[in-house]
Amino acid sequence: MRLWHENLIKKLPRQQLLGQHRECCALRGKGWGKPHATVNYVFQYSPYKLYQYHQHVIEEMLNRGYQPDLIWTNPCYRGQSLPPYVNLEVVPLTSPIYPEHDQRYLNECLANLKAKGIYL
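Positions within a chain are numbered from 1, following the residues in the order the chain's sequence is written. For this predicted model, a pLDDT threshold of at least 70 governs which residues receive local features, and a threshold of 80 or more governs which side-chain atom pairs are given and counted, while totals over whole chains, interfaces and linings are taken from all residues. No hydrogens and no water enter the side-chain calculation; it runs on all heavy atoms of the structure.

Under the scheme used here, helices are H or I runs from DSSP no shorter than 4 residues and strands are E runs no shorter than 2 residues, and both carry numbers assigned from the N terminus. Between the first and last residue of a helix there are one fewer steps than residues, each counted as 1.5 Å, and that sum is the expected span. In this model, helix H2 (residues 47-63) (17 residues) spans 24 Å end to end at C-alpha, consistent with the 24 Å of a helix rising 1.5 Å per residue. Within H2, 13 of the 17 residues are buried, which leaves it mostly tucked inside the rest of the structure. Phi for Gly65, located one or two positions after H2, is positive at around 90 degrees. To sort residues, take the accessible area from a 1.4 Å probe on protein chains only and compare it with the maximum for the residue type: under 20% means buried, over 50% means exposed, and anything in between is partly exposed.

What follows concerns the pattern of salt bridges. Basic side-chain nitrogens of Lys or Arg form a salt bridge, by our definition, when they fall within 4 Å of a carboxyl oxygen of Asp or Glu. Tallied over the entire structure, the rule returns three salt bridges. Across the salt bridge formed by Glu60 and Arg64, the nearest N and O atoms sit 2.8 Å from each other. Overall, the relative accessible area of 9% leaves Glu60 in the buried class. For Arg64, a relative accessible area of 27% puts it in the partly exposed group.

The next thing to look at is the side chain of Lys49. Tracing the backbone shows Lys49 in helix H2. Counted charges follow a simple rule, with Lys and Arg positive, Asp and Glu negative, and His plus the chain ends left uncounted. Lacking a salt bridge, the buried Lys49 has Glu6 as its closest oppositely charged neighbour, with an N-O distance of 8.0 Å. Once you skip the residues sitting within four places of it in the chain, Lys49 turns out to touch Val91, Pro92, Thr94, Ile97 and Tyr98. We call two residues in contact when some of their heavy atoms are within 4.5 Å.

Our next topic: the nonpolar core. Take the buried Ala, Val, Leu, Ile, Met, Phe, Trp, Tyr and Cys residues and link them wherever side-chain atoms come within 4.5 Å; each set so joined is a nonpolar core. Residues Leu3, Val42, Leu50, Tyr53, Val57 and Tyr98 are the most contacted members of the largest nonpolar core, which totals 23 residues. Counting residues per element, the ones that place at least two in this core are helix H1 (14-28), H2 and helix H3 (103-115). Formed by five residues, the second largest nonpolar core is a distinct cluster that contains Tyr48, Tyr51, Cys76 and Val91.

This paragraph deals with empty space enclosed by the protein. Only protein atoms enter the 1 Å grid used here, on which a cavity is any set of points holding a 1.4 Å probe that cannot leave and a pocket is any open set flanked by protein within 12 Å on both sides along at least five of seven lines; residues with an atom within 4 Å of a point are listed as lining. Grid points are joined across faces, edges and corners, and a volume is the space filled by probe spheres set on the points. Applying the stated rule across the entire model yields one cavity of 30 Å³ or more. Approximately 30 Å³ is the volume found for the largest cavity. Around the largest cavity, the lining residues are Leu27, Arg28, Trp32, Pro47, Leu50, Pro75, Tyr77 and Tyr85. For the lining of the largest cavity, the secondary-structure elements that each account for two or more residues are H1 and H2.

Centre distance within 6.5 Å is the pairing criterion for rings of Phe, Tyr and Trp, where only the six-membered ring of Trp is used; planes under 30 degrees apart are then read as stacked, over 60 as edge-to-face, and the remainder as tilted. Considering all chains together, one arrives at six aromatic pairs under this definition. Aromatic pair Tyr41 and Tyr98: ring centres 5.4 Å apart, planes at 85 degrees, arrangement edge-to-face. With Tyr41 in the loop between H1 and H2 and Tyr98 in the loop between H2 and H3, this residue pair connects regions lying 57 residues apart in the sequence. As far as the burial class goes, Tyr41 and Tyr98 line up, both buried. Measuring from ring centre to ring centre gives 5.5 Å for Tyr45 and Tyr98, while their planes differ by 65 degrees; the resulting arrangement is edge-to-face. You can see Tyr45 sitting in the loop between H1 and H2 and its partner Tyr98 sitting in the loop between H2 and H3, a full 53 residues away along the chain. For Tyr98, a relative accessible area of 0% translates into the label buried.

Its location among the elements puts Gln55 in helix H2. The buried category is assigned to Gln55, whose relative accessible area is 18%.

Structure, rendered in structure tokens:
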């Protein structure tokens, strides 16, 4: 489980981009709040921030001609097995969305991709 540094989303190969979409869907659904070392920071913020991040992923998928289910563009949607949020407060978009996505994290993500033979 990993959320790639948001500056890498437009550069991710197909497999990683589609995997990121699946990861966002899982985290927005039943994965919300379930501890995992590489994504624990996400749970310190409103789920709306994850929605904002996920929208970057969906936008890139659409730009490449992929057809993600657009139900995920609803910030309250949590997947088929959970009810939607009733009152999910809108959070202002920040840059980066998550402060943890700093230069150190970017370098860590690039090293992770390099270990997979992916050079961006």
